[in-house]
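Below, each chain spelled out in residue letters.
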Amino acid sequence: DVYGTDEKGFNIIFPIVLVNGSKPELDIQSGDANVVTAVNYEFDTAVVMGDYGYHKTSPNVYDDKGQIRIVVGMYCGEINDSNANQMAHVYNGEEPAPFMNQFNAAHRE
């Protein structure tokens, strides 16, 4: 999940192994904390989120089915002189990101 990159940073999630017939597997939230969309992964279709697009795994348990879902997530972006410091802050992983609890935000209605 990225934020404040002036639309230069992206989070891309690409499914590798899926569980057929599962409930939605991914919750996506936009900059509006009141809007959360649950989606299913599809083969050959990536989920791409830009600034202030957040995600979390939907609650699914596949243990009883003996199955597993595997996705690959990657962050990418255009880094230049004007955003290098912000990109380093977003991706360095040294501090918890400010959006870690975005789905429990107090400003939701």
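In this report, we go over the structure that sits alongside the text. (Residues numbered from 1 in each chain as written. Predicted model: local features only at pLDDT ≥ 70, side-chain atom pairs only at ≥ 80, totals over all residues. Heavy atoms only, no water.)

## Observations concerning the sheet that holds strand β5 (residues 54-57)
Line of reasoning, step 1. With antiparallel pairing, 3 strands are arranged side by side in an open sheet as β3-β2-β5. In this open sheet, the two strands that pair with only one neighbour each are β3 (36-39) and β5. Geometrically, the sheet is characterised by an average inter-axis angle of 25 degrees between neighbouring strands, direction not taken into account. (Pairing = 2+ DSSP bridges. Helix = DSSP H or I, 4+ residues; strand = E, 2+ residues; numbered from the N terminus. Axes fitted to C-alpha atoms, helices over the stretch in contact; angles between N-to-C directions.)

## Focus: the pattern of salt bridges
Line of reasoning, step 1. As enumerated under the stated definition, the model contains 1 salt bridge in all.
Line of reasoning, step 2. Where K8 meets E78, a salt bridge forms, and the shortest distance between an N and an O atom there is 3.8 Å. Here E78 lies in the loop between β6 (70-77) and α1 (84-91) and K8 lies in the segment before β1 (9-17), a separation of 70 residues in the sequence.
Line of reasoning, step 3. Judged by relative accessible area, which is 26%, K8 ranks as partly exposed.
Line of reasoning, step 4. Relative accessible area serves as the criterion here: at 45%, E78 is assigned to the partly exposed category. (Salt bridge = Lys/Arg side-chain N within 4 Å of Asp/Glu carboxyl O. Buried < 20%, exposed > 50% of the residue type's maximum accessible area, 1.4 Å probe, protein only.)

## What about the nonpolar core?
Line of reasoning, step 1. Listed in full, the 6 residues of the largest apolar core are I13, L18, L26, Y41, V47 and M49.
Line of reasoning, step 2. Not counting the four nearest positions on each side in its chain, V47 is found in contact with N11, I12, I13, L26, I28 and Y41. (Core = buried A, V, L, I, M, F, W, Y, C linked by side-chain atoms within 4.5 Å. Contact = heavy atoms within 4.5 Å.)

## Thoughts on the side chain of S22
Line of reasoning, step 1. Summarising the element assignment, S22 is placed in the loop between β1 and β2 (26-29).
Line of reasoning, step 2. Exposure remark for S22: the relative accessible area of 13% places this residue in the buried category.
Line of reasoning, step 3. Apart from residues no more than four positions distant in its own chain, S22 is found in contact with N40 and Y62.

## Topic: a nonpolar patch on the surface
Line of reasoning, step 1. On the surface, I16, V17, I68, I70, V72 and M74 cluster together into a nonpolar patch covering about 470 Å² of accessible area.
Line of reasoning, step 2. Secondary-structure elements contributing two or more residues to the nonpolar patch are β1 and β6.
Line of reasoning, step 3. Per-element accounting of the nonpolar patch gives the leading share, 3 residues, to β6.
Line of reasoning, step 4. Along the chain, V72 falls in strand β6.
Line of reasoning, step 5. In this structure V72 comes out as partly exposed when scored by relative accessible area, which is 36%. (Patch = residues over 30% accessible without salt bridge, like charges linked within 9 Å, V, L, I, M, F, W, Y side chains within 5 Å. Areas by Shrake-Rupley, 256 points an atom, 1.4 Å probe, with all protein chains shown as cover.)

## What to know about the sheet that holds β6
Line of reasoning, step 1. Spatial strand order, β4-β1-β6: 3 strands in an open sheet with antiparallel pairing. Edge strands, defined here as strands with exactly one partner in the open sheet, are β4 (47-49) and β6. With strand direction ignored, the average angle separating the axes of adjacent strands in the sheet is 20 degrees.
Line of reasoning, step 2. Where β1 meets β6, 8 bridges bridge the pair, whose relative direction is antiparallel. Opposite I12, over in β6, you have M74 as the bridge partner.

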